[in-house]
Amino acid sequence: MKNKSTNHTSITRKVMLIGIGLGALWWIGEAMVMVWVFHEGNLFQQIFLPSLHEIWMRSLPIGFFIMTTVYIVKRVKEALVQERKLLETLIDNIPDLIYFKDDKNRFISVNKARAKFSGAIAKNMIGKTDFDFFPQEQAKEAFADDSRVMESNRALLGKVEKITDADGTEHWVSVSKIPRHNDQGRVIGTMGISRDITEHKKGEKKIARLNAVLRAIRNVNQLINKEKDPNRLLQGICDNFIETKGYYYVWIALVDESGIFVTSAQAGLGERLSSMLDRLKSGQIVNCVREALAKSHIVITDNIRDICAECFLLSECKGRDSMTILLRHGDKVYGIVAAFVPMGVTMDEEEQLLFQEVAQDIGFALWNIEVEEALQKKTHDLSERVKELNCLYGISNLLEKEDISLEEILEGTVNLIPSSWQYPEITCSRVILDGQTFQTKNFQETTWKQTSEIVVHGDKAGIIEVFYLKERPKSDEGPFFKEERSLIRAIAKLLGEIIVRKKLEVELRIKEEAIASSINAIVLANLEGNLTYVNLSFLDMWGYVNDREVLGKSVTEFWENREKILEVLKALARGKNWMGELVARRKNGSTFDVQFLANIVENKAGKAICIMVSAVDITERKKIEQMKDDFVSLASHELRTPLTSVGGYVKLILDGDVGEISKEQREFLEIVSQNTQRLETLINEVLDIEKIESGRVEIRQEKVNLSGIVGDCINTFKVMAEGKGLKLEKEITAVQMDVLGDSDRLSQVFSNLLSNAIKYTKEGRVKVTAEIKGRFASVTVEDTGVGMSQDELGSVFTRFFRSEDSYVRKTTGTGLGLSIAKATIEKHNGDIRVESKLGVGTKVEVILPLLKEAKKVD
Amino acid sequence: MVEKIVLAEDEPQIARLIEFKLKKEGYQVTWKENGEEALKAIKADKPDLILLDIMMPVMDGYEVLRRLREDENLKSIPVVMLTARAQERDVVKGIDVGAEDYITKPFHPAELLARVKRILGKSR
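Each chain carries its own residue numbering, running from 1 in the direction its sequence is written. Here chains are named by letter from A upward and ligands by number from 1 upward, in the order in which they appear as written. Only residues with pLDDT of at least 70 are given local features in this predicted model, and only at 80 or more are side-chain atom pairs given and counted; all residues enter the totals for whole chains, interfaces and linings. Derived side-chain values reflect all non-hydrogen atoms in the structure, with water molecules and hydrogen atoms excluded from consideration.

Participant: Before we move on, can you summarise the overall build of chain B with the specific residues and values?
Facilitator: Only DSSP runs of H or I with at least four residues qualify as helices, and only runs of E with at least two residues qualify as strands; both kinds are numbered from the N terminus onward. A count of helices and strands for chain B gives five helices and five strands. The criterion used for residue contact is that any of the two residues' heavy atoms lie within 4.5 Å. When contacts within chain B are restricted to residue pairs at least 6 apart in sequence, long-range pairs at least 24 apart make up 58% of them. When the accessible surface of chain B is totalled, it reaches about 5,700 Å², and 46% of it is carbon and sulfur. Areas reported here follow the Shrake-Rupley algorithm with a probe of radius 1.4 Å; residue values treat only the protein chains shown as occluding.

Participant: Please provide a residue-by-residue account of the overall build of chain A, values included.
Facilitator: A count of helical and extended segments in chain A gives 24 helices and 26 strands. With a 1.4 Å probe rolled over the protein chains alone, any residue whose accessible area is under 20% of its type maximum counts as buried; one over 50% counts as exposed, and the rest are partly exposed. When burial is assessed residue by residue, chain A has 42% of its 858 residues classed as buried. Within chain A, contacts between residues at least 6 apart in sequence are counted, and of these 57% link residues at least 24 apart. Accessible surface for chain A amounts to roughly 48,900 Å². Of this, 55% is attributable to carbon and sulfur atoms.

Participant: I'd like a rundown of the packing of aromatic side chains, residues and numbers included.
Facilitator: Residue and element names in this part refer to chain A. Paired rings are identified among Phe, Tyr and Trp, the last through its six-membered ring, by centres lying within 6.5 Å, and are further divided according to the angle between planes into stacked (under 30 degrees), edge-to-face (over 60) and tilted (the rest). If you walk through the whole model with that rule in mind, you get 16 aromatic pairs over all chains. Pairing Phe-107 with Phe-133 gives two aromatic rings, centres 6.0 Å apart and planes at 65 degrees, and the pair type is edge-to-face. In this pair, Phe-107 sits in strand β2 (residues 107-110) while Phe-133 sits in the loop between α5 (122-125) and α6 (136-152), placing the two residues 26 residues apart along the sequence. Here the two residues Phe-107 and Phe-133 agree in accessibility, since each one is buried.

Participant: Describe the sheet that holds strand β1 (residues 97-102) of chain A, naming the residues involved and giving the relevant values.
Facilitator: Residue and element names in this part refer to chain A. Strands were regarded as paired on the criterion that DSSP finds at least two bridges between them. In spatial order, the strands read β2-β1-β5-β4-β3; together these five strands make up an open sheet with antiparallel pairing. For this open sheet the edge positions go to β2 and β3 (156-164), each flanked by a neighbour on one side alone. Taken over all neighbouring pairs, the strand axes of this sheet differ in orientation by 25 degrees on average, direction set aside. Pairing of β3 with strand β4 (residues 170-181) involves seven bridges; the strand directions are antiparallel. The angle between two axes is taken between their N-to-C directions and runs from 0 to 180 degrees, where each axis is a line fitted to C-alpha atoms and a helix contributes only its stretch in contact.

Participant: How would you summarise the pairing of strand β1 (residues 4-8) of chain B if you had to cite specific residues and measurements?
Facilitator: Residues and elements named next belong to chain B. β1 sits mainly inside the fold: four of its five residues count as buried. Sheet topology note: the β1/strand β2 (residues 28-32) ladder contains five bridges and is parallel. Looking at β2, one finds that Val-6 is bridged to Thr-30. The path from the first strand over the helix to the second decides the hand: if it runs clockwise while the strands point away from the viewer, the crossover is right-handed. Each parallel crossover has a hand, and the one from β1 via helix α1 (residues 12-24) to β2 is right-handed. As judged from the four bridges shared by β1 and strand β3 (residues 49-53), these two strands associate in the parallel manner. Each bridged residue has a counterpart across the sheet, and for Val-6 the counterpart in β3 is Ile-50.

Participant: Break down the side chain of Thr-413 of chain A for me, with residues and values.
Facilitator: Residues and elements named next belong to chain A. Following the sequence through the fold, Thr-413 ends up in helix α14 (residues 406-420). Residue Thr-413 is classed as buried on the basis of its relative accessible area, which comes to 0%. Aside from chain neighbours lying at most four places away, what touches Thr-413 is Ile-395, Leu-398, Ile-491 and Leu-495.

Participant: Can you lay out the interface of chain B and chain A for me, pointing to particular residues and giving the numbers?
Facilitator: Counting from both sides, the interface comprises 19 residues of chain B and, opposite them, 24 residues of chain A. Any carboxyl oxygen of Asp or Glu that lies within 4 Å of a side-chain nitrogen of Lys or Arg is treated as forming a salt bridge with it. The tally of links between chain B and chain A comes to three salt bridges. For Lys-21 of chain B, the salt bridge is made with Asp-657 of chain A, and the minimal N-O distance between the two is 2.3 Å. N or O atoms within 3.5 Å of each other form a polar contact, as long as, within protein, one can give a hydrogen and the other can take it, and as long as residues adjacent in sequence are counted only when both atoms are side-chain atoms. Connecting chain B to chain A are three residue pairs in polar contact (both at pLDDT 80 or more). For the side of chain B that touches chain A, the elements supplying multiple residues, two or more each, are α1 and α5 (109-123) of chain B. When residues in the side of chain B that touches chain A are grouped by element, the largest group, seven residues, is from α1 of chain B.

Participant: Break down helix α15 (residues 482-517) of chain A for me, citing the residues and quoting the values.
Facilitator: Given a helix with a known number of residues, its expected span is that number minus one, times 1.5 Å. If you check α15 of chain A, its first and last C-alpha atoms are 52 Å apart, about what 36 residues at 1.5 Å a residue would give, namely 52 Å. Packing partners of the buried residues in α15 of chain A comprise α13 (349-400), α14, β11 (427-433), β13 (448-456) and β14 (459-468) of chain A.

Participant: Any chance you could break down the environment of Asp-101 of chain B for me, citing the residues and the numbers?
Facilitator: Residues and elements named next belong to chain B. Mapped onto the secondary structure, Asp-101 falls in strand β5 (residues 101-105). Taking C-alpha positions, Asp-101 is 6.3 Å from Met-81, a pair spaced 20 residues apart along the chain. A distance of 3.2 Å separates a polar atom in the side chain of Asp-101 from a polar atom in the side chain of Arg-115.

Participant: Describe the environment of Thr-641 of chain A, with residues and values.
Facilitator: Structurally, Thr-641 of chain A can be placed in helix α18 (residues 619-654). Setting aside chain neighbours within four positions, we find Thr-641 of chain A in contact with Glu-11 and Ile-14 of chain B.

Participant: How would you summarise the sheet that holds strand β21 (residues 727-732) of chain A if you had to cite specific residues and measurements?
Facilitator: Residue and element names in this part refer to chain A. Here five strands make up an open sheet; going across it, the order is β21-β23-β24-β26-β25 and the pairing mixed. Every other strand in the sheet has two partners, leaving β21 and β25 (831-837) as the edge strands with one partner each. On average, each strand axis in the sheet is inclined to that of its neighbour by 10 degrees, with strand direction left out of account. Where β21 meets strand β23 (residues 765-773), six bridges bridge the pair, whose relative direction is parallel. Residue Ile-732 lies in a different strand from β23, and its bridge partner there is Ala-770. Each of β21, β23, β24 (776-783) and β26 (841-849) touches helix α20 (residues 706-723); the most contacted strand, β21, lies at about 170 degrees to it. Packed on one face of the sheet, helix α24 (residues 817-827) meets β25 and β26 and runs near 145 degrees to β25.

Participant: Outline the pattern of salt bridges, listing residues and values.
Facilitator: Residues and elements named next belong to chain A. Overall, the coordinates contain 51 salt bridges over all chains when judged by the stated rule. Two residues, Glu-731 and Lys-767, come together in a salt bridge whose shortest N-O distance is 3.1 Å. Of this pair, Glu-731 sits in strand β21 while Lys-767 sits in strand β23; the two residues are 36 residues apart in sequence, bridging distant segments of the chain. Taking relative accessible area as the criterion, Lys-767 reaches 22% and is therefore assigned partly exposed. Each of Lys-101, Arg-114, Asp-130, Asp-146 and Lys-177 takes part in one network of salt bridges that share partners.

Participant: Let's hear about unusual backbone geometry: which residues, and what values?
Facilitator: The omega torsion across Lys-105 of chain B and Pro-106 of chain B is -5 degrees, close enough to zero to call that bond cis. With a phi close to 60 degrees, Asn-829 of chain A is a non-glycine residue in the positive phi region. Along the polypeptide, Asn-829 of chain A turns up in the loop between α24 and β25.

Participant: Which residues make up the nonpolar core, and what values go with them?
Facilitator: Residues and elements named next belong to chain A. Joining through side-chain atoms within 4.5 Å is the link that ties buried Ala, Val, Leu, Ile, Met, Phe, Trp, Tyr and Cys residues into a set, and such a set is a nonpolar core. Core analysis: the biggest nonpolar cluster contains 39 residues, and Leu-706, Met-737, Leu-746, Phe-750, Leu-753, Leu-754 and Val-779 have the highest contact counts within it. Among the elements of the structure, α20, α21 (743-759), β23, β24, α24, β25 and β26 are those that each provide at least two residues to this core. Counting residues in each nonpolar core, the second largest holds 35 residues, with Val-213, Ile-217, Ala-267 and Leu-354 among its members.

Participant: Tell me about a nonpolar patch on the surface, and please be specific about residues and values.
Facilitator: Residues and elements named next belong to chain A. Only residues above 30% relative accessible area that lack a salt bridge enter a patch, with like-charged residues linked at up to 9 Å and the nonpolar side chains Val, Leu, Ile, Met, Phe, Trp and Tyr linked at up to 5 Å. Nonpolar side chains collect at one region of the surface, where Ile-18, Leu-22, Leu-25, Ile-28, Met-32 and Phe-64 lie side by side and expose about 630 Å² of accessible area between them. Among the elements that make up the nonpolar patch, the one with the highest residue count is helix α1 (residues 2-40) (five residues). Here Ile-28 shows up in helix α1.

Participant: Residue-level account of the confidence of the model for chain B, with values.
Facilitator: Residue and element names in this part refer to chain B. A score from 0 to 100, pLDDT tells how confident the predictor is in each residue. With 87% of its residues at a pLDDT of 70 or more, chain B shows a mean pLDDT of 85. Across chain B, the element-wise mean pLDDT spans from 64 in helix α4 (residues 88-97) up to 94 in β1. Listed scores for the predicted complex are pTM 0.38 and ipTM 0.83.

Participant: I'd love a proper account of the packing of α21 of chain A against α24 of chain A, names of residues and values included.
Facilitator: All names here are of chain A. It is at 9 Å that the axes of α21 and α24 come closest, and there the two elements cross at 145 degrees. Considering the relative orientation of α21 and α24, their crossing is left-handed. In this structure, α21 contributes Arg-745, Leu-746, Gln-748, Val-749, Asn-752, Leu-753 and Asn-756 to the contact, and α24 contributes Gly-817, Leu-818, Ile-820, Ala-821, Thr-824 and Ile-825. Crossing handedness follows the turn of the near helix against the far one: under a right angle anticlockwise gives a left-handed crossing, and clockwise gives a right-handed one.

Participant: Which residues make up the side chain of Thr-676 of chain A, and what values go with them?
Facilitator: Residue and element names in this part refer to chain A. Relative to the helices and strands, Thr-676 is located in helix α19 (residues 663-693). Thr-676 gets classed as buried once you look at its relative accessible area, which sits at 8%. Among all residues touching Thr-676, those that are not within four sequence positions of it are Leu-643, Val-646 and Gly-647.

Participant: Before we move on, could you go through the confidence of the model for chain A and cite the residues and values that matter?
Facilitator: All names here are of chain A. Here chain A averages 82 in pLDDT, and 88% of its residues register 70 or above. Overall, residues 1-5 carries pLDDT values under 50, and its contacts beyond four positions in sequence, including any with other chains, amount to five contacts. Counting contacts from residues 853-858, a segment whose pLDDT is below 50, to residues more than four positions away or on other chains yields 13 contacts.

Participant: Residue-level account of the pairing of strand β16 (residues 531-534) of chain A, with values.
Facilitator: When a strand is regular, its side chains alternate between the sheet's two faces. Residue and element names in this part refer to chain A. Where strand β15 (residues 521-525) meets β16, three bridges bridge the pair, whose relative direction is antiparallel. Bridge pairing in β16 links Ala-525 to Leu-531. In sequence, β15 turns back onto β16 through a hairpin of five residues, with Gly-529 there showing a positive phi of about 95 degrees.

Written out as structure tokens, the structure reads:
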């Protein structure tokens, strides 16, 4: 259409130009003729004559000209109509909205597009205003704009505004309004062209979004590079996404290897997320997270309800697209990041790719942090370990100082502790041991307390305490670090060991002193029998000055009888101790008697370490013993000889061997005989007890049937008891009660007991019981005699004890019987007990260990 | 036949007592004051019983007993040891070596006699 109209115009123009050209040529020819006539002849003649010809000749081109002009005008007119039609067609079909308004802002003309926009037919709009087609606000604005254009007589160009079409859809348009004038230049209305730029606007938005996303990504990348704290990093990432307005809501959830929720960060929803976080923290994995975790690629959700009908985000994120994607690096999955876009925005592939890249970057950052944290932790662990070792080493070092006391060590320890703790300037410590307290100068009890017991030999001996004077700067792991808790235990353990060691040292020193200063000669020898240690007493006794003279020599070199000491060593080699007497030889060759004890010293494991010998100089004791022996022999011989003579001759006379004697002579000689007897008993008992108690009596170690001995004794004393009118009862429940001992001595004991019982009982009975009590044999002698008071009972075993009772006084007795009995029974590893009540009776029980299981009487 | 007894006892008064009691009963008693003389008498007389005190000068009772037991001709003669009670343990050892019996001082003369009679009766 447009092309055709252009052709018409050019033809008309050509015709006109040809006409004008021809006319012009003619007039130029005429002018040249006139110039020639004036120059050649009579003006009149020249003018008139040719006039007719001239007129014709001249009217021809005029006619031609007029015809041509008429033709041209007609063609021009046709062309104009054509042009106008073209223009109208053009305006009508142009997609822009075009209108013409009069000075009252009434539509004079609108194109189709404008009419269609308002859902009307063009001609129906004529005479109406914007108020008839737009919402009030928009109409008002258009009206105002139109009026302003007219008033100012200036065009309004490219104003972007939002208008609503007949369907109610909003469109972004670019509006230009131009004033219209009449021929006099007066403004008579406006003309407007609006172009729909909605699509363009959308594109702009998208670019803005992508810009925002890119900005967010750039910021996130910057954050990744500088933020090493995972929580702050995640929060920063979320905040960035939101701040750049690229997203409506972003959240990140981290999970561990088994998919258990670890931590999260979010931005855009604030407190509204807490209900979901609570679910996550309680171990639930929400569907969207599970879904994302299960897939390695990005998950796009345009309807959240598809995934989780219960999601709290339903209301928040209705109608929004969301993306969820794994955060990972290599095979390690850290969690997910989810983002919801603003309302009305659709995520295209480009954005998804960008998002995926960000997710990769975050994954890498998390991995990086993890690696760095592990490294830092290792470094920290290492430095803590060094501190710990330093502390323990410091304490151990204290031990190196010679003669350092336990107190000094504890004092040193409390002062070493703070520097090994994380915050030395706010750390103080205290050790309490056996009631003694050691503490740092700045010591003060606070609530930030850490303690460990000091255990010595399995018992609590003390306590070690560490306090922070104030709360330590970081306290996400309780008041004390794990390392510190283990260190205090290590210190307590070390102190426990040091205490044991120190106590041992002190004990050892005491023992050493005791051994060195012992009046016994003490000798240590190695297992080969070579001396390794001798004490001062040894040197004194053997007449040496310096231990260097004897160390290394054989232990056999210091004795008169070398064979005997070799026997001793043999006994030791068999693992037996040896005790006995030896004759020692001094450095100068003189000899002396020693009581000698040799034993093998074993370590805790029972392994022989060395030989220990202790020896006491018994020369003096030997002398005294010899004197005693001599005295005993003398006494027994010299005292008995006259007694034998006196007693023997008296009895000879009494027996009538030298003739008849008178009644008085008999009576008096009986008295002599009785007293001789008494004196003899006294001498015997005194000598007996002396021998038993001095240990010079050899107690035989034979199998003895106690029941038999008791039975024999009872038989012996039957006559004596019956003579006094007493009943002698026996109750022997075991025929065989074997004990290890000396039958003569035991027989003497029971004779003594029976003799006493019968002696001190005026009337009633004496009862003897022999029975087995567990692993012991028990023999009881019970009488209904005079008995003893409590006071007397206390001294019943003292020598020459005799009851105050007048009856007892009248009887004969040395008061040695019970002493001898006790000494004898004790030599047999037994026990003797006396119960007595004055006027009621006495009960004496002898208990001896049984040799083996004894037979009971049926 | 009169039975012969050798008595070795250094205490004359006690020896007299024993000698008196035994002679009264019809025994022939040879008394010697020490072990050496007693041993000579024993070898000469070949008695039926020997009463031997332990504590004697020159040669004590043990030595006498030991030598008797070494002599084939004399070792069957019964020996009764006379001793103070303090030496009882040694006497027991003596009996283990070969003494027939022992009697402790002081003793009842009748008891001494009874023992002598018992031993001689047994050997007869």
